[in-house]
Amino acid sequence: AGRLAHLGGLLYFELPRGWKAPVEAPGGAALVDSEGRAGAGVAFHLEGSPEWEEPGEFKRRLRTLGSVEDSPLFETVTLDGRYGVRRRWTTHRYKGPSTKLGSEGEVFLTETIMVPDLEGLYVLWFRAPKAEFKARRAGFSELLRTVQLSPPTPDAWRPNAKDRRSAVPAAD
């Protein structure tokens, strides 16, 4: 019904109800909710492309993002039968030409999911104002429940046994 989106046969998803149509972004697509208060993106970065990073390097870089109140740890998730990692972090954005210590700004929470593949990386992200994150994430959860990735190969990345047992669905 016009709600299915795909990225070159590598990743399919349904557009969440009420969200605006995706626009092209590096390696994939970006979309926003109906009120423009939350954004999401889906991408597949083919190994060797300008956006691609080795999975370990991607995780190291992702761990450096955020504020002191954020945990640097990753959570193991499952997405369409594949394993990946997720991390959430906080960013502060101040408006205006100059900012002063103690000035009011907007606080955002970002979630990034990375699923390694033998040919590249699947990267999915969601960002919303921190105070509205849980409520607005419902649309991203809807998207995650409909994601279809290329089938895993027998040698696809799998976390250790303990992390596999504790893995949660990415939509949670």
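Owing to the predicted nature of the structure, the values given are computational and were not obtained by experimental measurement.

(A) Quick look at the side chain of T110. Inspection of the secondary structure assignment puts T110 in strand β8 (residues 106-117). The class of T110 is buried, set by a relative accessible area of 1%. Within the structure, T110 has its side chain in polar contact with the side chain of R127 (distance 2.9 Å).

(B) Quick look at the environment of V168. Looking at the secondary structure, you find V168 in strand β11 (residues 168-169). Between the alpha carbons of V168 and V85 there is a distance of 9.9 Å; along the sequence they are 83 residues apart. Those residues in contact with V168, other than ones at most four positions away along the chain, are E75, T76, V77, T78 and R86.

(C) Layout of the pattern of salt bridges. Going through the model one piece at a time under the given rule, you end up with 15 salt bridges. Residue R60 pairs with E57 through a salt bridge whose shortest N-O separation is 3.2 Å. Here R60 pairs with E57, and both are found in helix α1 (residues 55-63), just three residues apart, close to one helical turn. With a shortest N-O distance of 3.1 Å, R93 and E106 are connected by a salt bridge. Taken as a pair, R93 in strand β7 (residues 82-93) and E106 in strand β8 lie far apart in primary sequence, 13 residues in all. Judged by relative accessible area, which is 23%, E106 ranks as partly exposed.

(D) Representation of the nonpolar core within the structure. Formed by 28 residues in total, the largest nonpolar core has its most connected members in L124, L143 and L144. Mapped onto this core, the elements with two or more residues apiece are β2 (11-14), β4 (28-32), β5 (39-46), β6 (75-79), β8, β9 (120-129) and α2 (133-146). Those residues in contact with L143 that sit more than four places away from it in its chain are F13, E14, P16, L31, V42 and L124. Listed in part, the eight residues of the second largest apolar core include F58, F74, L121 and V123.

(E) Spatial organisation of the sheet that holds β6. Across the sheet, eight strands lie side by side as β3-β4-β5-β9-β8-β7-β6-β11; this open sheet has mixed pairing. Because the sheet does not close on itself, it has two edges, and the strands there are β3 (23-25) and β11. Two strands pair when backbone bridges link them, and β7 and β8 are joined in this way by nine bridges, in the antiparallel orientation. Bridging from a neighbouring strand, R93 pairs with E106 of β8.

(F) Spatial organisation of the packing of aromatic side chains. Inspection of the entire model under this criterion finds four aromatic pairs. Aromatic side chains W19 and F126 sit 6.4 Å apart centroid to centroid with 35 degrees between the ring planes, which places their arrangement in the tilted category. Of this pair, W19 sits in the loop between β2 and β3 while F126 is found in strand β9, placing the two residues 107 residues apart along the sequence. The burial state of W19 is the same as that of F126; both residues are buried. Under the relative-accessibility criterion, F126 is labelled buried at 0%. A connected cluster of aromatic rings, assembled from ring pairs, spans W19, F126, F133 and F140. The aromatic ring of F74 is capped on one face by K59, whose charged end is 5.2 Å from the ring centroid. We note R61 situated over the ring of F58; from NZ or CZ to the ring centre the distance is 5.2 Å.

Parameters at a glance
- Residues numbered from 1 in each chain as written.
- Predicted model: local features only at pLDDT ≥ 70, side-chain atom pairs only at ≥ 80, totals over all residues.
- Heavy atoms only, no water.
- Helix = DSSP H or I, 4+ residues; strand = E, 2+ residues; numbered from the N terminus.
- Buried < 20%, exposed > 50% of the residue type's maximum accessible area, 1.4 Å probe, protein only.
- Polar contact = N/O pair within 3.5 Å; in protein donor to acceptor, adjacent residues only side chain to side chain.
- Contact = heavy atoms within 4.5 Å.
- Salt bridge = Lys/Arg side-chain N within 4 Å of Asp/Glu carboxyl O.
- Core = buried A, V, L, I, M, F, W, Y, C linked by side-chain atoms within 4.5 Å.
- Pairing = 2+ DSSP bridges.
- Phe/Tyr/Trp six-rings, centres within 6.5 Å; stacked < 30°, edge-to-face > 60°.
- Lys NZ or Arg CZ within 6 Å of the ring centre and 35° of its normal.

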